[in-house]
Amino acid sequence: MRNKSSSTCLFCKIISHELPSECLYEDDEILAFKDINPQAPFHVLLIPKIHISTLNDLGVENIDMAGKLFLTAKYLAASNNLEGYRVVVNTNQQGGQVVYHMHMHMLAGRQMKPGLG
Ligand code: AMP
Ligand code: ZN
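These figures come from a predicted structure and were not determined experimentally.

Novice: It is not clear to me how the environment of valine 60 should be interpreted in this structure. Could you clarify?
Specialist: Relative to the helices and strands, valine 60 is located in the loop between strand S3 (42–48) and helix H2 (63–79). Of the residues examined, valine 60 reaches a relative accessible area of 70% and is grouped as exposed. For the pair formed by valine 60 and serine 6, sequence separation is 54 residues and the distance between their alpha carbons is 21 Å.

Structure, rendered in structure tokens:
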């Protein structure tokens, strides 16, 4: 599903403030907030404010927003003095996706192994 806010979606509820989050960045299109179960000292989720279930549901009309997700990661890295970081978009069940509102994980603050080990 894309573009329609979903009343059952956890991250749509965070966007609408029905559920709390620790917000680090927000604009008209994007929200970035701390992951509730951090896998690194800095673990933030960057999400579009429109409901897009998975990366596979992204369309050409979402290109600007998708680009802004990356620029927001770059902004957060600079504003939090992160020397290096990793971004990941888990997609579908086999890709390890649990929450079906597309999101970019941003992990930093510990040494990452080269590759994806
Ligand atoms: P994924 O496995 O890629 O779907 O990741 C979903 C992420 O959402 C996990 O890292 C969870 O820890 C995180 N998460 C779930 N609920 C919340 C919440 N209420 N606030 C912040 N992060 C959450
Ligand atoms: Zn949603």
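Novice: So what exactly am I meant to see when it comes to the nonpolar core here?
Specialist: Soluble globular proteins tend to bury their nonpolar side chains together. In terms of nonpolar packing, the biggest core is built from 16 residues, with Phe42, Val44, Leu46, Leu69, Leu76, Leu82 and Met106 touching the most fellow members. Sorting the residues of this core by element identifies strand S2 (30–34), S3, H2 and strand S5 (104–108) as the ones contributing at least two each. Per-element accounting of this core gives the leading share, 5 residues, to H2. Aside from chain neighbours lying at most four places away, what touches phenylalanine 42 is Leu24, Leu76, Asn80, Leu82, Met106, Leu107 and Ala108. Counting residues in each nonpolar core, the second largest holds 10 residues, with Cys9, Ile14, Ile15 and Leu45 among its members.

Novice: How should unusual backbone geometry be read in this particular structure?
Specialist: Peptide bonds are mostly trans, and most non-glycine residues show a negative phi. The phi dihedral of histidine 17 falls on the positive side, at around 65°, and the residue is not glycine. Looking at the element boundaries, histidine 17 is found in the loop between helix H1 (10–15) and strand S1 (23–26). Phi angles above zero are rare outside glycine, and asparagine 92 is one such case at about 65°. With respect to the helices and strands, the residue asparagine 92 is situated in the loop between strand S4 (86–88) and S5.

Novice: Would you take a moment to explain a nonpolar patch on the surface for this structure?
Specialist: On the surface, a nonpolar cluster with roughly 280 Å² of combined accessible area is contributed by Phe70, Tyr85 and Val87. One can find tyrosine 85 in the loop between H2 and S4. Exposure remark for tyrosine 85: the relative accessible area of 38% places this residue in the partly exposed category.

Novice: I'm lost on the sheet that holds S3 in this one. Help?
Specialist: By way of backbone hydrogen bonds, the strands of a sheet pair with one another, either parallel or antiparallel. Read from one edge to the other, the open sheet built from 5 strands follows the order S1-S2-S3-S5-S4, with strand pairing classed as antiparallel. The outermost strands of the open sheet, each flanked by one partner alone, are S1 and S4. When strand polarity is set aside, the average angle formed by the axes of neighbouring strands in this sheet is 20°. In this structure, S2 lies alongside S3, joined through 5 bridges in antiparallel fashion.

Rules of the game
- Residues numbered from 1 in each chain as written.
- Chains lettered and ligands numbered in written order.
- Predicted model: local features only at pLDDT ≥ 70, side-chain atom pairs only at ≥ 80, totals over all residues.
- Heavy atoms only, no water.
- Helix = DSSP H or I, 4+ residues; strand = E, 2+ residues; numbered from the N terminus.
- Buried < 20%, exposed > 50% of the residue type's maximum accessible area, 1.4 Å probe, protein only.
- Core = buried A, V, L, I, M, F, W, Y, C linked by side-chain atoms within 4.5 Å.
- Contact = heavy atoms within 4.5 Å.
- Patch = residues over 30% accessible without salt bridge, like charges linked within 9 Å, V, L, I, M, F, W, Y side chains within 5 Å.
- Areas by Shrake-Rupley, 256 points an atom, 1.4 Å probe, with all protein chains shown as cover.
- Salt bridge = Lys/Arg side-chain N within 4 Å of Asp/Glu carboxyl O.
- Pairing = 2+ DSSP bridges.
- Axes fitted to C-alpha atoms, helices over the stretch in contact; angles between N-to-C directions.

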